[in-house]
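One-letter residues, chain by chain:
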Amino acid sequence: MLKGRESLIRLIGRRRRHRRHSLLTSTQGLEIAPKEDKDEVSTVNGNGNEGEEMVDCPVCRKKVRGEINSHLDKCLARGTKRKLSQCTLFQLKFCTRPKVTVSSVESNFTRTDVGPRAGDGNICDLASEISSSDGPENNVQDESNSSSVSLTLTTNRSKICTGESSVCNGVNRMENLDGLVKFDDECKLLSGAKSTISRLEDCPHHQISDDRIDNITHSPLSPSENGTSKCVEPLEDDDNSKILLDTFIVGRKFGDDIELTIGAMVMLSRDSQNVKDPNAIKVLTEDTGQSKELGFIPRELAQYLSPLIDKFQLMFEGHITSIPQHPRAVVPIQMYSSSIGSFDEKDSSSFQEFNSFRRNALCAAEFSKTHPPIPAKYQHNLLLLLKEVLESNAHLFTEGEKTLLKSFLSLSDDSQRLFARLYARPWFRMASISYAEICDYEEAVKGLSGRHIVLHCEAECVSLFESIDKLQIDDLKEVLNVLNVGELRDLVCSLNKSHKKIAQNSDHGTRKQDYVARVLGAYESGLCPNLPSMILGKTGSCVRISASAESVFWRAERLFFLNGEQDLSAFLLVDLGIVKYPAYNCIFTDQIFPDRSDLLSYEEAIEVAQGMDESLDENNNELVSRCIEISASHVSSFVEEDRSSDSGSMAAFLSCFSASWVYSKVILLGVSFLEHERRYKDAIDLLKLLLVKFKSDRRRGYWTLRLSVDLEHVGWLDESLEVAEKGLLDPWVRAGSIVALQRRVLRLGKPPRRWKTPSFLDSVNRKIVEVHVQGRPVNCKTGVKNVFYGEDGERCGVEELALEYYAGEGGCWQGVHTESGIWLTIFGLLMWDVVFADVPNVFRTKFQTAPLDLETDSFYEVRRGLVEALLDKIEHGMAEELLIMSWESHVGTACRGVNWDKHSLSELRAAVTCIGGPCLASICRNLAQDYRSWSSGMPDLLLWRFHDDYRGEAKLVEVKGPRDRLSEQQRAWLLFLMDCGFNVEVCKVSHAPI
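These numbers were taken from a predicted model, which means no experiment stands behind them. (Residues numbered from 1 in each chain as written. Predicted model: local features only at pLDDT ≥ 70, side-chain atom pairs only at ≥ 80, totals over all residues. Heavy atoms only, no water.)

Draft legend 1. Structural context of the sheet that holds strand E10 (residues 316–320). Taken together, the six strands give an open sheet; going across it, the order is E6-E11-E10-E7-E8-E9, and neighbouring strands pair in antiparallel fashion. The open sheet has two free edges, formed respectively by strand E6 (244–249) and strand E9 (293–296), since each of these has just one partner strand. Each strand of the sheet is rotated relative to its neighbour by a mean of 35 degrees, with strand direction disregarded. (Pairing = 2+ DSSP bridges. Helix = DSSP H or I, 4+ residues; strand = E, 2+ residues; numbered from the N terminus. Axes fitted to C-alpha atoms, helices over the stretch in contact; angles between N-to-C directions.)

Draft legend 2. Up close: unusual backbone geometry. Note that the residue after Pro751, namely Pro752, is joined by a cis bond; omega there is 10 degrees. Among the structural elements, Pro752 can be located in the loop between helix H25 (736–748) and helix H26 (761–764). Non-glycine residue Leu562 carries a positive phi angle of around 65 degrees. Tracing the sequence through the fold places Leu562 in the loop between helix H16 (547–561) and helix H17 (569–575). Taking the relative accessible area as the measure of exposure, Leu562 reaches 13% and is therefore buried. (Buried < 20%, exposed > 50% of the residue type's maximum accessible area, 1.4 Å probe, protein only.)

Draft legend 3. Structural detail: the pairing of strand E21 (residues 952–960). In terms of burial, E21 is largely enclosed, as seven of its nine residues are buried. Both strand E20 (residues 941–946) and E21 contribute to a ladder of six bridges, which runs antiparallel. By the bridge assignment for E21, Leu941 is matched with Val957. Here six bridges tie E21 to strand E22 (residues 983–991), and the two strands are oriented parallel to one another. Bridge assignment links Lys955 to a residue of E22, and that residue is Asn983. In this region the chain leaves E21, passes through helix H35 (residues 968–980) and returns to the parallel neighbour E22; the handedness of that crossover is right-handed. (Right-handed = clockwise from strand over helix to strand, strands pointing away.)

Draft legend 4. Region of interest: the pattern of salt bridges. This structure, assessed with the given rule, holds 42 salt bridges. Here Arg5 makes a salt bridge to Asp617, at a shortest N to O gap of 2.5 Å. Of this pair, Arg5 sits in helix H1 (residues 5–12) while Asp617 sits in helix H18 (residues 596–617), and the two are 612 residues apart along the sequence. Here Arg5 falls in the buried class, since its relative accessible area comes to 12%. Note that Asp697 is salt-bridged to Arg699, the shortest N-O span being 2.8 Å. Per residue, the accessibility class of Asp697 equals that of Arg699, and both read buried. Within this structure, Arg5, Arg15, Asp613 and Asp617 form a network of salt bridges that share partners. (Salt bridge = Lys/Arg side-chain N within 4 Å of Asp/Glu carboxyl O.)

Structure representation (structure tokens):
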């Protein structure tokens, strides 16, 4: 894979189906070399959206599309003067930025089970396949055990209910965002719950409360989907001898696959060892033989039954009352408890506690009768995402886009659930729609297609394929993919009968794509003009998300997660207990995208990046060159911000949300492409452009190194040496790049080019201890991974062979093959409180595993006092204590670099103890100051051995096979570790002589 390709793929995330192809199809040539007064290209200026009118720039008099704020910044930065005849900025109709006010709202959300239908890879089908949010892998606990979800509101007015803690019953009249669209929203609040909406204005910053999105419901009385949820009190029952409950079996995916029958006896069993939910209760079959696991009871009920089982030794048994059609759907059951002895007067407190749990359990079970688990959790997640984005980023959407989103929020449950099912899918057959949670498919489609008037306007969220008039040539391939192989084969046979030339001129492949290619070839050649009607006859009516809705929802999803790697599946991973995100505060003082033009520029850059990725897949070198030219043109007009101030420090870690940063990644991938094509002079021009335009960037080390290498490729050795020497003076060139450039200077700077010996000669040429180990190879082929026979005769890699050597004749060492993994885990655990400290703007969503500035200099600069105080404790021998406390407090919680499964607490404790405080503090300080440069390339093996219970020593070993050599990053780490006082070796494994 080309250098930078994987990073670009992560940046793009889910590819957009509907894009403005004009960005890449323009035939206008673009220069790569930077020019100060380069003309803007309207097709890629990033200042507008398709369909928006052209606006005259008051500075340069060029026409730009849509809002022109970003374009004005570029013009003013270049120092272009306005003519007196031009309109002033105040005479133009600019969109004023609304004041941002932040309110904190606490509202309860129902925890619902995920649906029963498995699909074809859509995230909604993931939810259906897993079936329930109450299984053993889906119970996510937190400190508050609350269902509060913190939301950021941007409003012009807030209407506060009378009384600071009053309960809103009935209908609240809310003015959404700019006050442009009003709608009625029924308050879904619990009886006795509190809803406080406070307006915070003229504050230096606005802090979102620490409520977490993955919080679970403390009370089973969560709001229903429609209407106000009310507690259904159980009938008074003075008989404490038994408890009768009607509930459900959920989490069927995690149970044994057995056939159920009505009336089959079941019993409850505690699962206290469940790391996701200590209150988990399993449902077992009550057979005479070995009991089998059927699933779990809902977590809302389990939190009250578990103390009754643990503390009061109640036993529950019952039977299955009905059988659902889907094998993984929730199963209704009826349970009753064993008798319990009477309480003495002295046990009045125990009786009160027992009665409290009993009443809560009965109330939870009674509530579930009218609000059974339903497969609509993904709907709630989608609504939460949209409301959050609308409330905090309203200034980034046009009125039409806001109307579409608000129209969607007011649609029926069926329409919203169908949209969630279809989102991110191509064409989908109407006849194939079969979801248990959707009652009326036709009405759901009508609501989404804009046939129902919503908010006095028509908002089309889906496109229908019902007649040949609506079938466009670009959609033909997607519609054909709806057909299965058998239908495509029948279609090809029909074509062959009516058009014999097709059979003569087509390849006879049997794969689906072969059939699709043959049908498309017949249509494009004009041999079968009636093909659309033939396809329609087989597919029937089809539906998919409209282009406008896909674009708006993609934007909303991107604004919510702030990356391309996460999507709605992040919610489900939390709901199912697969991922637990850490607790932290989101404190905002600035917007990531101040105005819409910044966002549109960023989105256009993402489109160019996607075009680059797709063109590489298709081996379309012409389109690859076009993407490189577009990116180079934009970077040429880029002016880097000053980072000397605090705002500049913030700009450093928010720069990844700028169009220029995205274009720089496209250019870097373009450099790799050009080098692969041996077009070194073109690659040199791009590298020089990056180095000129980005003066403060961590990637300058790699850019400088590649520039020096490419200059050597074209024979310009003097310039190559000069570039390497200047790179060593660049403060942004670090870690392995420094070592690589130093070694290049030593190699190229020999007489007569240079007569003076560099000062770093002795440091670079330091000898690293080498150990040679021989092993019996399984294969000796070049280009194949080295595999050897271990001591037990089993096959193993060079690292495992080295571990066997050090455990035996190498000195009785214990250790692990970990590379950087164990070090990043130790760093994450020891620095947990520092990583998730309250720092403004570094936490923007509740789905982050690290602050945004972790890989920048500002991480250490902003937290210097916290970091140094913690490092002082580590240096003085408190590392093991801090490690244990962090492990026990956060085990299972996602954190960048921390791998809970690969390393046990005992291994980590042994490693920390034997490494020693001073050496460990040096590594942690190095990672805190420059996490990006030093988070890779660490030695393969970490070895330790104890001298007594409290003292030991450690050794770090880099293992190399017969044809391997040290990379510059690995060499940099070994030299750094030697400076810190570590015992470091390079173990070279070779083939034993035959």
